[in-house]
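Take a look at the letters that make up each chain.
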Amino acid sequence: MPGIRQNVQEMSGYTPGEQLNDPDIVKLNTNENPYPPSPRVFEAIQAAMTGDKLRKYPQPTGDAFRKAAGRVLGVDPDSILIGNGSDDILTILTRAYVPEGGRIVSPTPSYVLYRSLAEIQGAKFETVPFTPDWGVPSSWPVAGADLTFLPNPNSPSGTALRPERIERLAAEVGGPLVLDEAYTDFAEWNGLALVGRVKNLIVTRSFSKYYALAGIRFGFGAADPAMARELLKVKDSYNCDVLSLAAATAAIEDQAYYADLRAKILATRGRMVVALTELGFQVTPSQANFLWCRRTDRPVKPVYEQLKQRKVLVRYMSYPDYGDGLRISVGTPAEVEKLLSELKAIL
Ligand SMILES: *Cc1c(COP(=O)(O)O)cnc(C)c1O
């Protein structure tokens, strides 16, 4: 393709999880919340459709959301940058920090989008293997990267480093460290309190999982306010629309509703760990709303394929120098029952 940059022509592009249209499918492959969003979200979207709100541009920095999030999470609203999904924030960070020919680093096995971001930017991508128990090496081997991504909890493992370790890592990394906290609302701890104090740390959050709003596309970043001001220059002025801003603001204000969903999801996760272990999977202890399930006695790809034939969709993942496994989202009790009964039939 003449004119298309060489690095773009050479890349294969990120492949997102399958989004099948079949309403009968039990969808446990992309970690959506199995429950609906707060009723207040629907009210807020209705209200946003009244008067001339859709005719006009949205407020570009999402100040109503920033104020609400600041209050709920105890962070400075000026540290918050709104995004069209948290992937948008990851793109903004890449554009802001990484020159062509620069270097992006992330641990592996991990979120595969980071490689695509590097390839689009024309940057080199380097990985650092997680230790066998999903820790990072006692001293981080790659100093001086333009950007380092650390998902916490990590995908596919669901494991999470503690804030003390993250703070130490930020010092070792030196350059900007992005803590991708897409799943952190399900975890026992998070790194948000480090923002501002640890100057090179940026935390990103998603509304696609915990807040049950994957269809809305909303996320945010939190960084030292001086850093957030610079990042604001890189984002599209109107990256978040009137409806997503209304939905996200209503969602973050309804913490009680989501705490209830969280309790249900964690209870189901506990039951899934027991049942999947009984079925012969090695299940990694998870801080997220999914489980990483491996086997040594048989290949798991056919298990994924047979589950799909039986209308249960999970995520098959395979990583170089590591191996493969199934990443299974925590569903409703009925969905999990279907998963387990199909697995019993297959195995
Ligand atoms: C789902 C996910 C995201 C992206 O979330 P969006 O807000 O939907 O863009 C980012 N990072 C990780 C590790 C994820 O699993």
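See the structure shown above.
Residues numbered from 1 in each chain as written. Predicted model: local features only at pLDDT ≥ 70, side-chain atom pairs only at ≥ 80, totals over all residues. Heavy atoms only, no water.

Quick look at the nonpolar core now. If you look at the biggest cluster of nonpolar residues, it comprises 82 residues, and the most contacted ones within it are Phe-65, Phe-207, Leu-276, Val-314, Ile-328 and Leu-339. At eight residues, helix α8 (residues 242-253) tops the list of elements feeding residues into this core. Residues Val-98, Tyr-114, Phe-125 and Ala-223 belong to the second largest nonpolar core, which totals 21 residues. (Core = buried A, V, L, I, M, F, W, Y, C linked by side-chain atoms within 4.5 Å. Buried < 20%, exposed > 50% of the residue type's maximum accessible area, 1.4 Å probe, protein only. Helix = DSSP H or I, 4+ residues; strand = E, 2+ residues; numbered from the N terminus.)

In this structure the tally under the stated criterion is 19 salt bridges. A salt bridge links Glu-172 to Arg-165, with the nearest nitrogen and oxygen atoms 3.7 Å apart. Judged by its relative accessible area of 13%, Arg-165 falls in the buried class. For Arg-205, the salt bridge identified is with Asp-185, shortest N-O distance 3.9 Å. You can see Arg-205 sitting in strand β7 (residues 201-206) and its partner Asp-185 sitting in the loop between β6 (177-180) and β7, a full 20 residues away along the chain. (Salt bridge = Lys/Arg side-chain N within 4 Å of Asp/Glu carboxyl O.)

It is worth spelling out the site of the ligand at this point. As a matter of local geometry, the ligand sits amid Gly-85, Ser-86, Asp-87, Tyr-111, Asp-180, Ala-182, Tyr-183, Ser-206, Ser-208, Lys-209 and Arg-217. A distance of 3.0 Å separates an oxygen atom of the ligand from a polar backbone atom of Asp-87. Within the complex, 93% of the 380 Å² of free accessible area of the ligand lies under protein. Considering only residue class, the shell around the ligand consists of three nonpolar, four polar and four charged. (Near = heavy atom within 4 Å. Polar contact = N/O pair within 3.5 Å; in protein donor to acceptor, adjacent residues only side chain to side chain. Areas by Shrake-Rupley, 256 points an atom, 1.4 Å probe, with all protein chains shown as cover. Nonpolar A, V, L, I, M, F, W, Y, C, P; charged D, E, K, R; others polar.)

The analysis is restricted to geometry; functional conclusions fall outside its scope.
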